[in-house]
Every structure is written in C-alpha cells, then in structure tokens.
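What the coordinates show
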Amino acid sequence: MADLVQGTLDMLILKTLALEPLHGYGIAMRIEQTSNGVFRVNPGSLFPAFRRLERSGWIKPEWRPTENNRRAKFYALTERGRKQLKAETAEWSRQIAAIASILETS
Amino acid sequence: MPFFSKLAGAIGALFRKKQAETELDEELRSYLDQVASDHLHRGMTRDDAVRAARVEMGSLEAVKDEVRSAGWEAHVESLWQDIRYSLRMLRKNAALTLVVIFTLALGIGANTAIFSLIDAVALRTLPVKNPQELVRVEMRRIRIITSSFTNPLWEQLRDRQDAFANTFAWSNADFDLSQGGLVNRAHGIWVSGGFFVGLGLQPAAGRLIAAADDQRGCPGAAVLSYEFWEDRFGRDPRAIGSSIIFNNRPFPIVGVAPAGFYGITVGTRFDVALPICAQAVFDNTILDARSHWWLNVAARVRPEMPESHIRSRLAVISPAIFSSVIPDAWDPEGKKNFPKWVFVESPAASGVSRVTEFETPLKVLMAIAGAVLLIACANIASLMLARSAARRKEIAVRQALGASRPRLIRQLLAESMLLSICGAAAGILLARWAGTALVAYISTRNEPVFLDLSLDHRVLAFTATVGVLTGVLFGVLPAFRSTRISTAAAIKGGASLEGDRRFRFRAGKLIVASQVALSLVLLIAAGLFLRSFVKLTSMDLGFDRQNVVLASVDLKATKLAPERRSAALDDIEGRIRAVPGVLSAGRSWTTPISGIEWNQYVTSDSPNAAQGEDRLVFFNFISSGYLDTLRMPLLAGRNFNDHDTTTGPRVAIINQTMARRFYKGLDPVGRTFQISPESGKPAQPVQVVGVVKDSKYESAREDTFVTAFLPISQMPGSGRTAEFEIRTAASLPAISPAIQAAIASVDKSISIEFHTLESQVGDSLVRDRLLAMLSGFFGGLALLLAMIGLYGTFSYLVTQRQKEFGVRMALGARLKSIVGLVMRDTAIVLAGGIIAGVVLALMSTGTLETLLFQLGARDALTIALAVVLLSAVSFLAGYLPARRAARVDPMTALREE
C-alpha cells in the first residue's frame, strides 16, 4: 500500500472512467485492483476529487441503480474530460521518461 | 481551465446548498453500504462489517468538510460564517467592542483628517482639463526663483512666447462688496483673457471671461464661482446680465464658473473673477507699472514638446522680453541685471500652493498621529491577548471538534478586521469634522484658508489601507498565539499552561515597552513644540499688544479729493481719541506683524554705517500718537509733532537696531541718512530726531528688523488707506460701534474693518500654535494609552502571580517586598522603553529643527522633563496593581484553584 504521487489521483480517476461510468466505491476498488493493491484511495481524498473534477466539467454525475440494485451516484467521463486525460497522460509520460533518463545516467 | 463552467458550478452550489448536502450524504452512505456489503461477502457478521466500514472511512464529517472545501464557494461561505460568528462574539463583549472601536476611530480619524489636508494641499490635481499639462512659469536668476510678474512683463511673455500651447495669468485680491461702513469681503481673482480657456473649463451658466474681455480700456466683466452664485443668488439664472458692485464700482455678471473649481491657488477659493484690464477702473497706473509685482503666470505645455525643448525656448526668448520691461524704480545695479533673468517652468498639475508653510507641519503631525495609532494598536493587541486567555476553553473545544488551526486563525482575524473596519468607518466620519476644524483653525483674517476636503479615491484608499493594516497589526499576534494550545491541557485548565503564560508576559512586556518608547518620543516632540510656542508668545515684541483695537480705513468710496484725504484722516484720528473709553490712538501706514512691509536701501553720513545688503531698512509712517498707543518707549530725542509737515525738513525716529547698525558708538540723534531715490528724483536727507526701543516688524520669529519710522504727515502720495491703533479700556465688541460712529461722522462712505493687535499677533503664530496644541494633545493621548497598557498588563501579571505572592507572604514576606517585586518588573520595562525612546527621539527630532524657535531639536531639558513625567506616571500605573497584589490575604490567594 502506498500513497499516491501528488496530483495523480485526478488522472487515475479519469483513466478509470474512460472504460465505463462507475460509482465512487467502484472507482476506488478499480484503482486498487488495477494497481495490484499498491494504491488504496481513501474517501477523504476521493470525494473532494470528484467535486473538483465535476466542477471542471471533466466528469458528469448520474444517479443509477448498482448491480445489487441500490441507488448510487455514477460518474461518466465527458468529452472535455477525455481531452484532459489525453493531455495529462502525455504530460505524465513525458515526465516519467525524463525522470527515467535522469536515473539511468546517474 | 474552463473557468466559467467552474464559476457557474460554484455559484450554483451556493444556491443549491441543501440539495448538494443531501446528495453528498446519500453518496457517502451508499459508499459505506458497499464497503460493508463487501466485508459481509468475505464472511464478517453484519455489525462487524458496518463497524469496519466506518473505521475505514474515518469521520464522515471530516470527509464532508474536505469535499465542501474543494470548491471556492466554500471560502465565501466560511467567510460569511466567520463574519456572523465574529459579530456574535463582538456583541457579547459590547463594552470591549465599543472601547476598541472608539480608540480606533480616534486614531484612524486623526490620521485620515491630517492626510486629507495633505491630499488637498499637495496631492490632489486641479479639476480642469488634462491637469498634468499645466506648468507654472517663474523667473530665475542664479539661485533665486521668483514668481510675481508685473503686468508689462506678463503682456510681453504672453505676446512673444512660443514654448507653450497657451499661457495665462491671475492674481488673488479681496474685493469689498459693501458701499461704505463695515467691509464685506469677497475673494476676488484677476484673470487674463486666456485663463479659463487655458484651463479648458466650461461655464456652468452664461459665459466665461475670454480674450475679448481682457483688452486695455475694458469695462470689466464678472464671472462668479459656482458656490458664490449658489450662496448669493440661489443659482438664479437671472443673475447673469445683472451687475455686482465691487469696491464701489459696478461690473456686469457674464457667467458662472463650473462647480468644484475654486481657482488654481491651493488654499484659497475665489468668489468672483474679473479680467486683469479692469484693474484700470480702480487704479489706472497699475497696468503699466513696471515695479508692481502682482501677477502669477501658468501655462499649458504642448504634449509633444519635451521639457528640455521648452527650457531652451524659454532661455532664448527671455533676454528680449526682460530688457523691454526693466523696472523703473530699481537701482542701476538691479536694472543692469534684469535682462539676465530667465523664465523657468515647474509642474503645476496640483495647482499653485499658498499653504506650503503648512506642508512640513502637516507631515510632522501625520507622523505623530501615526505613532499614536501604533500605540493604540498595541493596547488593543494586549486586550485581545488577554481576552484570548478567557476564550482558551472555547477555542480548545472548537479544535477538538475538528476546526483546523488556519480556520481558527482566520476566524479570529475576521474579528479583528471587523473591528478595524468599524473603526475606520467611524474614523472617516470623525475625519470629516476634524479636517474642517483644522482648516478653520489655520485660517486667519488676512489669510483665509480654503481647502477642498471632499473625499477622493486617495483619501479613501488611505483610510482603507490604514484600517486593514491596523486590524492585521493588532490581530495577528493574538490570533496565532491563542490558537497554539494543547487541547487537552486547555480544557483541563490549570498549571500546565505555565509556558504559555510566560510567553504572554514576555509579549505583553515587549508591547508595553514599545508603547513607552513611542509615547516618550511623542512627549518629547510635544515638549519641544510647547516650549517653543511659549517662548514665542511670552517674548517681548517691543510693543504692548494687549487692549489695542486696530481699525483699517479705506477712503476709496468717498468723494474726497486726494489732497484733502490727509486732513480727513487727521480729523478721524482726533474724533477717535475723543470717544469715551479710548485711552489713546495713533495712525500709521502699516501695523506690526501684519505682513505688509516696505523697505529701501539707505546710505548715511555715519563713518560706521552698514554696507551692502545690510543697508536695507524697513519703514513705517506713523502719527505722533502711535508710539504712546503701542507703548513703545522713546530712548532718546523726541517724538513727532505738528511741526513735522510736508514742507518742513524730513525727520525720522529709528529703532535701537538701526542705531547700532548705522551709528555704532555715535549719538544718532541729529544725524542724517538718505533713502535710495526713485529714479529721477533727488535723494532727500532725512534727519534722525529720536531713538525708540526695538520692536518686531514682520513676525515674532524675526531677528529684529532695522526699522525707521517716518511721520505720516510727510508720507508721499495721497494716502487712501490708513490703519488706526486705538488703546481702549473696553473690549472690541463694546467699543467698535462708538468708533464706527466717530468715523462715519466724518464721511458715511468710508469703509472700515476692525480687529485687534493681539489677534493679529496670534494669527502670525497660527502654525506654531497648531503644532503645540495638536502635538500636546497627541502626546497626552499617547501617554494615557501607554499608561492604560502598562496598568492593564501589570494588573494581569499580578493576578496570575497571586498564588506565588500568597506563598511568599505565608512564608513571611513583607508587603513592601511584594510591591518591590512587581515594581522591579515595572522598572525594567520602563527602563527599556525609555532608552529606546530617547534613542528614537534623538534620531528623529532633527527634522523638527526648522519648526522650533530658539530651541534645539535635541534640547536636553525637554528630553529630561519628558522622561521624568513619563517615569512618574508609569510608576503610578505600575504601583496600583502591585499594591493590590500585596493587600490580598495569603489564605485567599492560596485557596484559589
């Protein structure tokens, strides 16, 4: 279990939502699963992030029934959110490459 | 960033708050359910699953709070909360709140009032078109700059310059609206035809004076100021076309100047403007007089022309202009040098100041008022600090409930800000009143001061800045201090706060010491100004100013032929002397300390006579009753008498300084001197017939001027005006009707103005009085505030140490030693403050040097007196709490807690 790198949570949420709309718990579980349990997102950062992303117009909420028939707030990626994800992913890759090259040379 | 959608979201959230809250609740609940059902699937019991989910989630409220603060609308909301909460807290402590607001209003009000004067004098630009293009035109030779023009010189400049877009001239003058009897003054301004055009002003009604109105031989045309039109005519448009009488001559009113335009001489305002050419109506020699310096000149630059270019153009045109209008009354040396003068320009966007005399005093007062505000801030900070002790439990509880420290600090700062904003608002109201009072105070009979004190953005910005700074200054330390507490300890209360208490003492003592230091500086400044003022007022001026009524008389409205005026004035003098209650009376050309003066170079037959510039002598023409009335003793020779007539030999009475300067070691009586002749006239010898005791001529501050008195019967020209000095047993209001009747019995159309010699001398000291009074007031206020601070801090300290004192006393300590314990603390704080204060004073009072009279800015006696006064009062302020501490019964003290 590890803390997330500062500022990457938004990107991970967007990436998770790129496949399909999900509710809060689903997003948390999906991030934990796909990172093989490395990242665990606590609700104290998750829900403020939803509010932020929603404000920016990158995700859109919708109340829907869950698989076991409970009402939950699902979030879906918007067109703007998709663009944002692309931009952030590109930026992230660029930075990773840069950091990697620094680590290799030294 | 999609800013607008965010903004819309935030604003929407502010309105849909309730809905958002329920949604959030539901969202979090469903999350919790899902976590719990997951645990359930993994085989936990229902209760355990729910509990585990709760533990993982942490405090629901904390999560919600995080979510809420994710958008900026949360800040608006919490700010609103802070303000509401602060209002509640302030209302709960209404007395404290009122004291703080009142203190702040005083401090901020005083600063704002003084700043609004500085703003009006030096910062405000004229309400005219593109004021930054305006320059004042003056003349310079070597290092001397003079600004008064003669009319011929002005006309030459107007017609021959090509450096400016346009030029215009003006001169301030008083007009008498009455026709005989008591003078009714209106502030007049003579303007050139280009004045209003050059300033780019539009009339409020009718038309303004234009070039066509300012031609030689003009009948004159009057333009009223808006205020005058309002006051006298109720803004009646029919006023235009009617005529108005000045100095007994009617002028047609052609228009009204725009509202808010008071002229371009800062410190004055005009009621009516007349074209310069109309001077000829009153005196047909002035327009051509080459030695009558009465006009001011300003110009509008061409925006595209650089300053260096203007200067060089002015330098090129100057010689031809100056050599064409050489003053005829000057001596040959002066005439030779006149063409060497050069026109220079200086910025005049704020107008031309007449109240420069008050600029330095205002800045000094600003600094003093600023220091008082600082001291007040320190007091409020100690108050807040003390109160934060009382609120310790409240703050601890709020922290335990999850309020973060920044949030608490913000809330406490909101309280301070609210206080300072209220203080600033009240301060502005106070400043409106105080500013007007200040202007009225510096305004005198001869120099009425008018300043436009309407609030402008600068004054508002100043007050706002001062208000915010004050709030931060007294709010920050207590806010940070009172939130840095251990929650558990605070709720428990008691001895575990030892370290915190010590800090508060240290902070409190530091605050008090700096208050002592600052108030000492103010006391020293006040002491300097007060002693300087006392020296000025108690000084022997050489004449007795008490019980002397001055009557200024003008014969302009009478039909008397010029050659009969002297006899009429003699007649008036005799009739005044006969009025019951009049002890003696005299008559003169000017009165002492009036600002009206005449000087000439003098050569004498003495071998020890002064040379060069020292030959300048100041003159007055007096009647034989003058010296007696002013109680100026003759030391040698005789007074003037009836034999000193126009046809007789010319005689003079000189003062001691002149006797020393010209006749050192000789008996001056019987000697002669010559007044440097006006061109073309032969110099006439003047014989000294008497020596009179020294007296001040121009101001109380002067080194006595070299003065000679000549008999008024030998005064050249046809004296149209005269000053009567009347020593009376009664007060001015009691005797003036009788004197007025005596003068009217000679001719009803004579105009008269009364005042007293004492008020005339007082007026000349208005700047010193202002400084002495205000610095004394502020110094006293500073002392009072510092003592309240000292008393408060030590009272608090003593209550905190009550238990310790109880133990000491139970162990046998005497009352004296307990008092001594507290007084030692007081002495340390005081010593620190005094040392810092003296150092600060020595560093800063140097700037006061020029404002003081016969007193050094580092005068040791004044500093010593201030230190003694401050120490005495401080010991008292420290002694009271110490005594109270020592009086407490040890048992009571020990039982506490």
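Residues numbered from 1 in each chain as written. Chains lettered and ligands numbered in written order. Predicted model: local features only at pLDDT ≥ 70, side-chain atom pairs only at ≥ 80, totals over all residues.

Details of the overall build of chain B
A count of helical and extended segments in chain B gives 28 helices and 25 strands. What you see for chain B is a C-alpha radius of gyration of 38 Å, clearly larger than the 29 Å of a compact globule of 897 residues, by over 25%. Dimensions of chain B, computed from C-alpha atoms along their principal axes, come out at roughly 135 × 75 × 50 Å. By the burial criterion, 39% of the 897 residues in chain B qualify as buried. For chain B, contacts bridging at least 24 residues in sequence account for 83% of all contacts bridging at least 6. (Helix = DSSP H or I, 4+ residues; strand = E, 2+ residues; numbered from the N terminus. Rg over C-alpha atoms; globule rule 2.2 N^0.38 Å. Buried ≥ 20, exposed ≤ 12 C-beta atoms within 10 Å, placed from the backbone. Contact = placed C-beta atoms within 7 Å.)

A look at the overall build of chain A
Tallying secondary structure elements over chain A gives 4 helices and 3 strands in all. In sequence order, chain A lays out its α and β elements as α-β-α-α-β-β-α. A principal-axis box enclosing the C-alpha atoms of chain A has dimensions of 55 × 30 × 20 Å. Here the contacts in chain A between residues at least 6 apart in sequence split such that 51% fall between residues at least 24 apart.

Thoughts on the nonpolar core
All names here are of chain B. Grouped together as the largest cluster of nonpolar side chains are 164 residues, with contacts concentrated most on A222, V223, V272, V372, I375, L522 and A782. When neighbours within four sequence positions are excluded, L522 is seen to be in contact with I368, A371, V372, F778, G779 and A782. If you look at the next biggest cluster of nonpolar residues, it comprises 57 residues, including Y626, L630, A652 and I750. (Core = buried A, V, L, I, M, F, W, Y, C linked by C-beta atoms within 7 Å.)

Looking at the confidence of the model for chain B
The share of residues in chain B with pLDDT of 70 or more is 94%, and the mean pLDDT across the chain is 86. Across the interfaces of the predicted complex, the ipTM metric reaches 0.83, alongside a pTM of 0.76. (pLDDT = per-residue confidence, 0-100.)

What to know about the packing of helix 13 (residues 359-390) of chain B against helix 24 (residues 766-800) of chain B
All names here are of chain B. Remark: helix 13 packs on helix 24, axes separated minimally by 10 Å, with the N-to-C direction vectors making an angle of 15°. In this view, helix 13 runs roughly parallel relative to helix 24, as classed from their interaxial angle. As helix 13 runs across helix 24, the sense of the crossing is left-handed. The class makeup of the residues in the contact of helix 13 with helix 24 is 21 nonpolar, 6 polar and 1 charged. (Axes fitted to C-alpha atoms, helices over the stretch in contact; angles between N-to-C directions. Parallel < 35°, antiparallel > 145°, perpendicular 65-115°, else oblique. Left-handed = near helix turned anticlockwise from the far one by under 90°. Nonpolar A, V, L, I, M, F, W, Y, C, P; charged D, E, K, R; others polar.)

Considering the sheet that holds strand 1 (residues 22-23) of chain A
All names here are of chain A. Read from one edge to the other, the open sheet built from 3 strands follows the order 1-3-2, with strand pairing classed as antiparallel. Where the open sheet ends on each side, the last strands, each with one partner, are strand 1 and strand 2 (59-65). Contacts between helix 1 (residues 9-19) and the sheet are confined to strand 1, strand 2 and strand 3 (71-77), with strand 3 contributing the most and set at about 95° to the helix. (Pairing = 2+ DSSP bridges.)

Here we look at the packing of helix 2 (residues 17-41) of chain B against helix 3 (residues 46-57) of chain B
Residue and element names in this part refer to chain B. Closest axis-to-axis distance for the helix 2/helix 3 pair is 8 Å, and the angle between their directions is 130°. Overall, the two elements helix 2 and helix 3 adopt an arrangement that is oblique. By crossing handedness, the relation of helix 2 to helix 3 is classed as right-handed. In contact with L32, V35, A36, H39 and L40 of helix 2, helix 3 contributes R46, A49, V50, A52, A53, E56 and M57. Among the residues forming the contact of helix 2 with helix 3, the class breakdown is 9 nonpolar, 1 polar and 2 charged.

Topic: the pairing of strand 11 (residues 272-275) of chain B
All names here are of chain B. Side chains V272 and L274 of strand 11 all project onto a buried face; the interleaved residues A273 and P275 project onto the opposite face, where all are buried too. Strand direction decides the pairing type here: strand 5 (residues 185-191) and strand 11, joined by 4 bridges, are parallel. Bridge pairing links V191 to P275 in strand 11. Here strand 7 (residues 222-224) pairs with strand 11 via 2 bridges, running antiparallel. Opposite L224, over in strand 11, you have V272 as the bridge partner.

Notes on the environment of A:T8
Counting through the fold element by element, A:T8 comes out in the segment before helix 1. Considered as a pair, A:T8 and A:T89 are 81 residues apart in the sequence and their alpha carbons are 10.0 Å apart.

So, unusual backbone geometry
Non-glycine residue A:N36 carries a positive phi angle of around 55°. One can find A:N36 in the loop between helix 2 (24-34) and helix 3 (43-56). With 7 C-beta atoms counted inside 10 Å, the residue A:N36 sits in the exposed group. Even without glycine at this site, B:N547 takes up a positive phi of about 55°. With respect to the helices, strands and loops of the structure, B:N547 is situated in the loop between helix 18 (498-538) and strand 15 (548-554). For B:N547, a count of 16 C-beta atoms within 10 Å gives the class partly exposed.

Here we look at the environment of B:R814
Along the chain, the position of B:R814 falls in the loop between helix 25 (802-810) and helix 26 (815-844). Along the chain, B:R814 and B:V183 lie 631 residues apart, while their C-alpha atoms are 76 Å from each other.

A few points about helix 19 (residues 562-578) of chain B
Residues and elements named next belong to chain B. Here helix 19 spans 26 Å end to end across 17 residues, near enough to the 24 Å set by a 1.5 Å rise per residue. What helix 19 keeps buried is the set L569, I572, E573 and I576. For helix 19, the angular spread of the buried residues around the axis is 100°, confining them to a single face. Exposed side chains of helix 19 directed beyond 90 degrees from the buried face belong to E563, A567 and A578. Structurally, helix 19 contributes buried residues whose contacts are with strand 15, strand 16 (582-588), strand 24 (721-728) and helix 22 (732-744). (Expected span 1.5 Å × (residues − 1). Arc of directions from axis to C-beta.)

Concerning the environment of B:Q687
Residue and element names in this part refer to chain B. Structurally, the position occupied by Q687 is in strand 22 (residues 685-692). Residue Q687 is classed as partly exposed on the basis of its C-beta count, with 13 C-beta atoms lying within 10 Å. Note: C-alpha distance between Q687 and S242 (445 residues apart in sequence) is 55 Å. Every residue in contact with Q687, bar those within four places of it in the chain, is listed here: P649, R650, V651, G670 and T672.

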